[in-house]
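Structural characterization, general
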Amino acid sequence: MKAVKTEATAFAPATVANVACGFDVLGFALESPGDEVTVRVTEERGVRITAISSDDGLPDLNLPTNPQENTAGGAVLAYLDGEKAEFGVEMSIRKRMPAGSGMGSSAASAAAALVALNALVETPLTPEALVDYGMKGEAIASGSEHADNVAPAIMGGIVLIRGYQPTDVVRIPSPNNLYCTVIRPHCEVSTKEARGILPKEIPMKTAITQWGNLAGLIAGLMKCDEGLISRSLQDVVAEPHRAALIPGFHAMKQAAIGAGALGCSISGSGPSVFALSASREAAEAIGKAMHEALTEACTEGTLYISRLSDGAPRIVSLR
Ligand code: HSE
């Protein structure tokens, strides 16, 4: 594969993985925050990470610059190897969202790097093909090749990962008036730890409840049926085990439902918590209620509001 441009910067958004009932198979993109990655073509083969910076107000990051230990570096290495690139790259990563937040920080960097690299080559890959390389980055961060953050970070909108062998990803249409409120408590939960506490097996009854909810949520989104969406936004697989890792989780969930949310659960592996609602006004009222509940229970948090269908990656500059 040949490069036909020399430098690209791409933005890729934060994402909410699992969406309550879709553990490892469903996720959606937010409008913001997100990460930006600049990729430059070099004659020398391989990947060099020249800088990792973070926006003001974000906690200090100690992210590795060794590409094999970095989610964006690992994803780009996999792309260059897999597509037999006749060039190498230098990349600089601008973190505009906190790591360990449950909002797909590692996936946002990997997705931005892949989208930027893809803009430089003679024959760009499809977003679906990029997802496979993105998962190599996720494996570095969490020990597992899940795509429920990286697929929506690359494809935008709501994405179902129908299957993993081979990767089969599907964009799910959603009602125009659906909004997401996310609150990020100011603490960290590592995805590795949050995956480690989950049982290796679940009872048949639990599985039946979960797959009924997942099918109900997909049908509800496609039929624009708020009642069905609301009834389906229940997680009986991960939330019961992970809630204890999140300060104020039950208080925030109660506040969200009390303020009119269609549903509320953990964003990815936490500690962020998300709620869905049917208007921007409702999303804002829910955010206020969740924030108050969080600060009363224990700690500060940062609030994000986004329309569900608006989140997507984009090229910021190209030459
Ligand atoms: N589906 C993954 C998990 C997402 O819940 O572990 C991690 O952000």
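The present account deals with the structure reproduced in this document. (Residues numbered from 1 in each chain as written. Predicted model: local features only at pLDDT ≥ 70, side-chain atom pairs only at ≥ 80, totals over all residues. Heavy atoms only, no water.)

What follows is about the sheet that holds strand 7 (residues 179-185). Pairing is antiparallel in the open sheet, where four strands are placed in the order 8-9-7-10. This sheet does not close on itself; its edge strands, each paired only once, are strand 8 (263-266) and strand 10 (301-307). Between one strand axis and the next, the sheet turns through 20° on average, direction left out of account. Here four bridges tie strand 8 to strand 9 (residues 273-277), and the two strands are oriented antiparallel to one another. Each bridged residue has a counterpart across the sheet, and for Gly-263 the counterpart in strand 9 is Leu-276. Docked against the sheet, helix 9 (residues 249-258) engages strand 7, strand 8 and strand 9, running at close to 160° with respect to strand 8. Sheet strands in contact with helix 10 (residues 280-297) are strand 7, strand 8, strand 9 and strand 10, and its direction is about 20° off that of strand 7. (Pairing = 2+ DSSP bridges. Helix = DSSP H or I, 4+ residues; strand = E, 2+ residues; numbered from the N terminus. Axes fitted to C-alpha atoms, helices over the stretch in contact; angles between N-to-C directions. Contact = heavy atoms within 4.5 Å.)

This paragraph deals with the site of the ligand. The full set of residues close to the ligand is Ala-17, Asn-18, Phe-23, Asp-24, His-146, Asp-148, Asn-149, Thr-191, Arg-195, Arg-242, Gly-268 and Ser-269. Asp-24 is positioned such that a nitrogen or oxygen atom in its side chain is 2.5 Å from a nitrogen atom of the ligand. A distance of 2.7 Å is found between a nitrogen atom of the ligand and a side-chain nitrogen or oxygen belonging to Asp-148. Coverage of the ligand by the protein chains reaches 97% of its 260 Å² of free accessible surface. Residues belonging to the shell around the ligand are distributed by class as follows: two nonpolar, six polar and four charged. (Near = heavy atom within 4 Å. Polar contact = N/O pair within 3.5 Å; in protein donor to acceptor, adjacent residues only side chain to side chain. Areas by Shrake-Rupley, 256 points an atom, 1.4 Å probe, with all protein chains shown as cover. Nonpolar A, V, L, I, M, F, W, Y, C, P; charged D, E, K, R; others polar.)

Between side chains of opposite charge, a pair can form when the charged atoms approach closely. Taken as a whole, this structure holds 16 salt bridges when the rule is applied. Put simply, Glu-36 and Arg-96 hold a salt bridge, and the shortest N to O gap is 3.3 Å. One end of the pair, Glu-36, is in strand 2 (residues 26-42); the other, Arg-96, is in the loop between strand 4 (88-95) and helix 2 (105-118), and 60 residues separate them in sequence. Ionic pairing is found between Lys-288 and Glu-292, a salt bridge with its closest N-O pair at 3.5 Å. Here Glu-292 and Lys-288 lie together in helix 10, a separation of four residues that amounts to about one turn. Residue class for Glu-292 comes out partly exposed when judged on its relative accessible area of 40%. (Salt bridge = Lys/Arg side-chain N within 4 Å of Asp/Glu carboxyl O. Buried < 20%, exposed > 50% of the residue type's maximum accessible area, 1.4 Å probe, protein only.)

Moving on to the environment of Gly-270. As for its position among the elements, Gly-270 is in the loop between strand 8 and strand 9. The exposure class assigned to Gly-270 is buried, which follows from its relative accessible area of 0%.

Let us now look at the pairing of strand 6 (residues 167-172). The side chains of a regular strand alternate, residue by residue, between the two faces of the sheet. One ladder, built from six bridges, connects strand 5 (residues 158-164) with strand 6; its direction is antiparallel. By the bridge assignment for strand 6, Leu-160 is matched with Val-170. In textbook terms, the turn of a hairpin is the stretch between consecutive antiparallel strands, and for strand 5 and strand 6 this stretch comprises two residues.

Packing of helix 2 against helix 3 (residues 127-142) brings their axes to within 9 Å, and their N-to-C directions diverge by 145°. Handedness of the crossing formed by helix 2 with helix 3: right-handed. In this structure, helix 2 contributes Ser-106, Ala-107, Leu-114, Val-115 and Asn-118 to the contact, and helix 3 contributes Leu-130, Tyr-133, Gly-134, Glu-138 and Ala-141. Tallied by class, residues from the contact of helix 2 with helix 3 come to six nonpolar, three polar and one charged. (Left-handed = near helix turned anticlockwise from the far one by under 90°.)

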